[in-house]
Amino acid sequence: MFRTQKCVSPDLIKIKINHKNITKVMKKKIVIIGAGYAGASLARLFNDQAQIIVLESAKRPGGLCKSYYKEGMVYEYGPHILANHHCSDEAIAFILKHIDCVETGLTSASYVKGKFTYYPPHQKNAEILGIKEIVEEEWKNLPHIPNEENFETYLIDKVGKTFYEIYFKDFTEKFWGIPPKTMSAEWAKMRHLGESLKDEKMFFNKRWCAYPKSDWNELFKNLLQGINVVYDALVSKVDLDKKEVILDSGTTISYDMLISTMSIDKLFGYPYGKLKYSGYEIEPVILERDYYGEFNSKPISMTYFPEKDHIQARITDYKSFQKKETLETYQGRTIITIEKPSHKQEFYPSNDSENAKLLEKYLELAATHKDVITFGRKGLYKYLTTDTTTEMALRLQKYFPDWQELNVASRLDAYNIVRGNWNN
Ligand SMILES: Cc1cc2nc3c(=O)[nH]c(=O)nc-3n(C[C@H](O)[C@H](O)[C@H](O)COP(=O)(O)OP(=O)(O)OC[C@H]3O[C@@H](n4cnc5c(N)ncnc54)[C@H](O)[C@@H]3O)c2cc1C
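Residues numbered from 1 in each chain as written. Predicted model: local features only at pLDDT ≥ 70, side-chain atom pairs only at ≥ 80, totals over all residues. Heavy atoms only, no water.

A. Region of the structure containing the domain arrangement of the protein chain. Domain boundaries in the protein chain define domain 1 (14–78 + 215–275 + 350–419) and domain 2 (120–190). Computed from C-alpha coordinates alone, the two centres of domain 1 and domain 2 are separated by 36 Å. Contact residues are listed per partner, giving five residues for domain 1 and seven residues for domain 2. Of the roughly 490 Å² buried between domain 1 and domain 2, counting both surfaces, carbon and sulfur atoms make up 63%. (Domains from an automatic or database assignment. Contact = heavy atoms within 4.5 Å. Buried area = accessible area lost by both parts, 1.4 Å probe.)

B. Molecular detail of the site of the ligand. In the neighbourhood of the ligand, 31 residues make up the surrounding shell, with E56, H80, I81, R377 and T386 lying closest. The contact in question runs from a nitrogen atom of the ligand to an N or O atom on the backbone of S57, over 3.1 Å. Here P79 contributes a backbone N or O atom positioned 3.1 Å from an oxygen atom of the ligand. Calculation on the ligand without its partners gives an accessible area of 1,000 Å², and the protein chains cover 93% of this total. Those elements giving two or more residues to the shell around the ligand turn out to be α1 (37–46), α12 (376–379) and α13 (386–399). (Near = heavy atom within 4 Å. Polar contact = N/O pair within 3.5 Å; in protein donor to acceptor, adjacent residues only side chain to side chain. Areas by Shrake-Rupley, 256 points an atom, 1.4 Å probe, with all protein chains shown as cover. Helix = DSSP H or I, 4+ residues; strand = E, 2+ residues; numbered from the N terminus.)

C. Summary view of the packing of α1 against α13. Where α1 meets α13, the closest approach of the two axes is 10 Å, and the angle between their N-to-C directions is 40 degrees. Between α1 and α13, the interaxial angle falls into the category oblique. The handedness of the crossing between α1 and α13 is right-handed. From α1, Y37, A38, S41, L42, L45 and F46 reach across to α13, where they touch T386, T389, T390, A393, L394, L396 and Q397. Classifying every residue of the contact of α1 with α13 by side-chain character gives eight nonpolar, five polar and no charged. (Axes fitted to C-alpha atoms, helices over the stretch in contact; angles between N-to-C directions. Parallel < 35°, antiparallel > 145°, perpendicular 65-115°, else oblique. Left-handed = near helix turned anticlockwise from the far one by under 90°. Nonpolar A, V, L, I, M, F, W, Y, C, P; charged D, E, K, R; others polar.)

Written as structure tokens, this is what we have:
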């Protein structure tokens, strides 16, 4: 059984449920672009109500959530763990209906000046690093209310200048490739950065979390069972007037309604320019030892490397949280991924004001198209996990029967409510 935290989301209260129009979409042909978690979960939710066709450019489903194997050991593109970020029991229940999971925990640490230290940074790090006096002096003068002008001002006020420089400044520049001053304080708040000085709990341990009994691929097999998915189908253009998608092979497919999980700027042909993303390249490596590293006598799941001298931003040790350590393949060895920042990968939406403004314009444009729904990590340009994607999918399901009848302002409201205001 799973255990979750209860909480009420204020923006959910605004959703009006209207089941009377469900029959309107029954005969509709819905084309979904993308068989990642967003596309696959919507295909499952809407399958009884419409004729669905999913177009996926890759050879298999899963998007960023695919599991891969190396010498019998499973890994993902960075650690993938099911956690209850939004406190929605309904969302977690939907996922667990489609995949068997085992409860687990993640640990994290940061490698600084040749030593493992607490990550998120804890005040004990000052002692480990021999800088107790300097930082304690800074902490005496921290304001009660941090200056939220930007990411940097906020974090300096939360953890002091020295800790900010050690743990956040260089890491942020290394990962995002932009000065932290240009990033919003919102991003730091959303990631709970700087909240941990007195709280020894590691990153994910505050929440219930789990990993699939087998792997994440199983989830996609179950979600897409009986659904018409076309693989190797790259959508190169959408003709919004003719209501057709055009594949790079030249094939055109018509739709009554389109649900797109590709990037929102690409869907509309970049009329306002490109949204910026960041991400990393990974290198899977098998280590002939039990774990990559230990901190406080526990194997470390995620080790962060804030210093610029290290090319990687993070190393993930999969065995530490997958609960597969009793399997023969895992005896005396483990699998890690070395994660190196790359601006070619579209993983994380940029969190600066310029891109936030751009997104607003794209959402306003999207709301003028009644036959289109843009959704998912790139479709709504939001940092998402499977549980928060599910929460959004369940919200969208409530609007779905009436989507084409909504006026533009209501559709924009619907997008903002679906997108939500929670922190991951
Ligand atoms: C580094 C990283 C770590 C993560 N960790 C976790 C975690 O610990 N726990 C968790 O629950 N979630 C995690 N996630 C989130 C999860 O992997 C998904 O990103 C999320 O559920 C949203 O998926 P999505 O379908 O919106 O996007 P994607 O996974 O990007 O799927 C989009 C799909 O659309 C396809 N597509 C795109 N454009 C086209 C086109 N033009 N034509 C046809 N097909 C197209 C792509 O091939 C892809 O399959 C993580 C994500 C990342 C990037």
